[in-house]
Amino acid sequence: MSFDVITVGGGLAGSTLATELARAGYKVLVLERETHFKDRVRGENMLPWGVAAARRLGLVDYLLASGAHQPPYWITYIGGNPVASRDLQATTPHGEVSLNIYHPSLQEALLRRASVQGVEVKRGAKVLSVDAGPDRLPNITFENEGNRQTLSARVIVGADGRASQVRGWCGFEIQRNPDLLTIAGTLLAGTDVPDGAVHLAFGVGCATLWAPLGGRRARAYYVYPGVAGRRGLSGKDKTQEFMRLCQSTGVPESWFAGAESIGPLAEFDGADRWVESPARNGVVLIGDAAASSDPSWGCGLALTLLDVEHLAKALCASDDWNAALGRYAAEHDEYYSALHRILGWMTELTWTAGPEADERRGRVFPRMLSDPRGFPDSVGLGPFGPNDDEARRLVMGLD
Ligand SMILES: Cc1cc2nc3c(=O)[nH]c(=O)nc-3n(C[C@H](O)[C@H](O)[C@H](O)COP(=O)(O)OP(=O)(O)OC[C@H]3O[C@@H](n4cnc5c(N)ncnc54)[C@H](O)[C@@H]3O)c2cc1C
């Protein structure tokens, strides 16, 4: 059996790309090491610009039928006081709102969908190596049910997430931002957080983001500048501390009363990691393997779907797949660098410490909330919002 495309990983990136290519008539194999997906504390709030991509890929109704929840508002709080309630549909050109879904449900649903669309899916298949070079087809070695097998394909896709091994096997150089933010998260049940909005609350030098999932469940994250000392918010015994820290931002006590953590609590460093020009010798990277943006800004799901769209389109448009991979890599560089720029400015504005930075926040935030024209919009538009020098000057409070 020979395949046009083999993906390493069957998460959001691998399964959705595989589906697009199978629908176009290509033979696709997905190798996914997990036999069933579990909670690894990943993204559960897809931002509106990602939902726009999800709709173009025909995913929105399917995800809603698989348990997704669509909160129409985005509420920002400072010191516990709501300072802005954004009607997402009314304030984005594509009219989309957020889409929240428990990550393992998203993965199961999309991998099932890939199977139904004719993709061959192997679960419990751990990829051990990918070997590629100029002027030959790349090949892949994996283990499944105790058997080791090597296959080649026209294209091998590294969709193996933020700790991608494909990058190392194939000699891709990883760029990395300096450490700054740290994010911890867990799944809460029995919370009465209002589920018609995503809630982002800033405390003093920290923030908490709540993505309601319906049925009184919510994914809660706590973000802080870990560069000044990590708290190590991982493991069940840290749950009370995590809740106390979230509450220190000033969000209502009632969100916590009766709430319990029903999944792992895990902490991650936020630094962006990315690969410039993420394609070579028939191997291409997508999703977090190509670029994992700081999870504190919650852009990863949206960025992943953008990769899927661009790569699928490039491969389906031309029989010259070397040129198609080159085209995807150039497009990825362009939209990821726009996003990286925007999130860098927003990080500097939001998280720089000291009186000058406080003074700047005091000027810029009210202006951004009352008249967002010209400002970047990481929630609504991602890399497609303003990201030129004028936008930078607005964020940096220079105009
Ligand atoms: C704490 C945290 C919070 C986040 N919050 C948000 C958020 O609110 N909104 C948002 O948009 N994004 C968020 N993200 C980012 C989001 O989760 C990712 O961008 C997204 O999951 C990337 O999907 P992926 O398919 O590229 O990678 P993954 O979801 O990591 O999938 C990779 C898959 O590859 C498989 N795999 C890996 N290695 C192998 C191997 N050797 N063989 C076979 N299979 C393999 C894995 O089992 C996995 O299923 C967050 C991330 C973190 C860490």
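Now for a look at the structure at hand. (Residues numbered from 1 in each chain as written. Predicted model: local features only at pLDDT ≥ 70, side-chain atom pairs only at ≥ 80, totals over all residues. Heavy atoms only, no water.)

**Observations regarding helix α2 (residues 48-56)**
Burial within α2 is extensive, with seven of its nine residues counted as buried. For α2, the full list of buried residues reads P48, W49, G50, V51, A52, A53 and A54. Buried residues along α2 sit in contact with β3 (45-46), α3 (60-65), β6 (99-100), α7 (300-317) and α8 (321-351). Immediately downstream of α2, the backbone of G58 shows phi near 75 degrees, a positive value. (Buried < 20%, exposed > 50% of the residue type's maximum accessible area, 1.4 Å probe, protein only. Helix = DSSP H or I, 4+ residues; strand = E, 2+ residues; numbered from the N terminus. Contact = heavy atoms within 4.5 Å.)

**Considerations on the packing of helix α1 (residues 12-23) against α7**
Contact pair α1 / α7: the axes reach a minimum separation of 9 Å and the direction vectors enclose 30 degrees. Overall, the two elements α1 and α7 adopt an arrangement that is roughly parallel. Both α1 and α7 take part in a crossing whose hand is right-handed. Of α7, the residues touching α1 (which contributes L12, A13, T16, L17, E20 and L21) are L301, T304, L305, V308, L311, A312, L315 and C316. For the contact of α1 with α7, the per-class residue count stands at eleven nonpolar, two polar and one charged. (Axes fitted to C-alpha atoms, helices over the stretch in contact; angles between N-to-C directions. Parallel < 35°, antiparallel > 145°, perpendicular 65-115°, else oblique. Left-handed = near helix turned anticlockwise from the far one by under 90°. Nonpolar A, V, L, I, M, F, W, Y, C, P; charged D, E, K, R; others polar.)

**Points about the pairing of strand β13 (residues 197-203)**
Here β13 lies mainly inside the structure; six of its seven residues are buried. With six bridges joining them, strand β4 (residues 73-78) and β13 adopt parallel strand pairing. Bridging across to β13, I75 finds its partner in H199. Alignment of β13 against strand β14 (residues 206-214), held across five bridges, turns out to be antiparallel. The residue bridging F202 from the neighbouring strand is A207, located in β14. (Pairing = 2+ DSSP bridges.)

**Concerning the site of the ligand**
Of all residues adjacent to the ligand, which total 34 residues, the nearest are E32, G43, N45, D288 and L301. Taking V127, its main chain carries an N or O atom lying 3.0 Å from a nitrogen atom of the ligand. Note that an oxygen atom of the ligand is positioned 2.7 Å from one of the side-chain N or O atoms of D288. For the ligand, whose unbound accessible area comes to 1,000 Å², protein coverage reaches 98%. (Near = heavy atom within 4 Å. Polar contact = N/O pair within 3.5 Å; in protein donor to acceptor, adjacent residues only side chain to side chain. Areas by Shrake-Rupley, 256 points an atom, 1.4 Å probe, with all protein chains shown as cover.)

**Some details on the packing of α7 against α8**
Where α7 meets α8, the axes come as close as 8 Å, and the angle between the chain directions of the two elements is 155 degrees. When the axes of α7 and α8 are compared, the pair comes out roughly antiparallel. Every pair of crossing elements has a handedness; the one defined by α7 and α8 is right-handed. Where α7 abuts α8, its residues L303, L306, D307, H310, L311, A314, L315 and A317 lie against W321, A324, L325, R327, Y328, E331, H332, Y335, Y336 and L339.

**Thoughts on helix α6 (residues 239-247)**
For α6, the complete set of buried residues consists of T239, F242, M243, L245 and C246. The buried residues of α6 occupy an angular sector of 165 degrees when projected down its axis, which confines them to one face. Turned more than 90 degrees off the buried face of α6, the exposed positions are Q240 and R244. If you follow the buried residues of α6, they end up packed against β12 (182-189), β14, β15 (217-224) and β16 (260-261). (Arc of directions from axis to C-beta.)

**So, the packing of aromatic side chains**
Inspection of every chain in the model, using the stated rule, returns seven aromatic pairs. Seen in terms of ring centroids, W210 and F256 are 5.2 Å apart; in terms of plane orientation they differ by 90 degrees. Their pairing is edge-to-face. Within this pair, whereas W210 is found in strand β14, its partner F256 is found in the loop between α6 and β16, the two being separated by 46 residues in sequence. Accessibility classification places W210 together with F256 in one group, the buried group. Among the aromatic residues, ring-to-ring pairing joins Y77, W210, W255 and F256 into one connected group. Lying across the ring of F172, R280 places its NZ or CZ 4.9 Å from the centre. (Phe/Tyr/Trp six-rings, centres within 6.5 Å; stacked < 30°, edge-to-face > 60°. Lys NZ or Arg CZ within 6 Å of the ring centre and 35° of its normal.)

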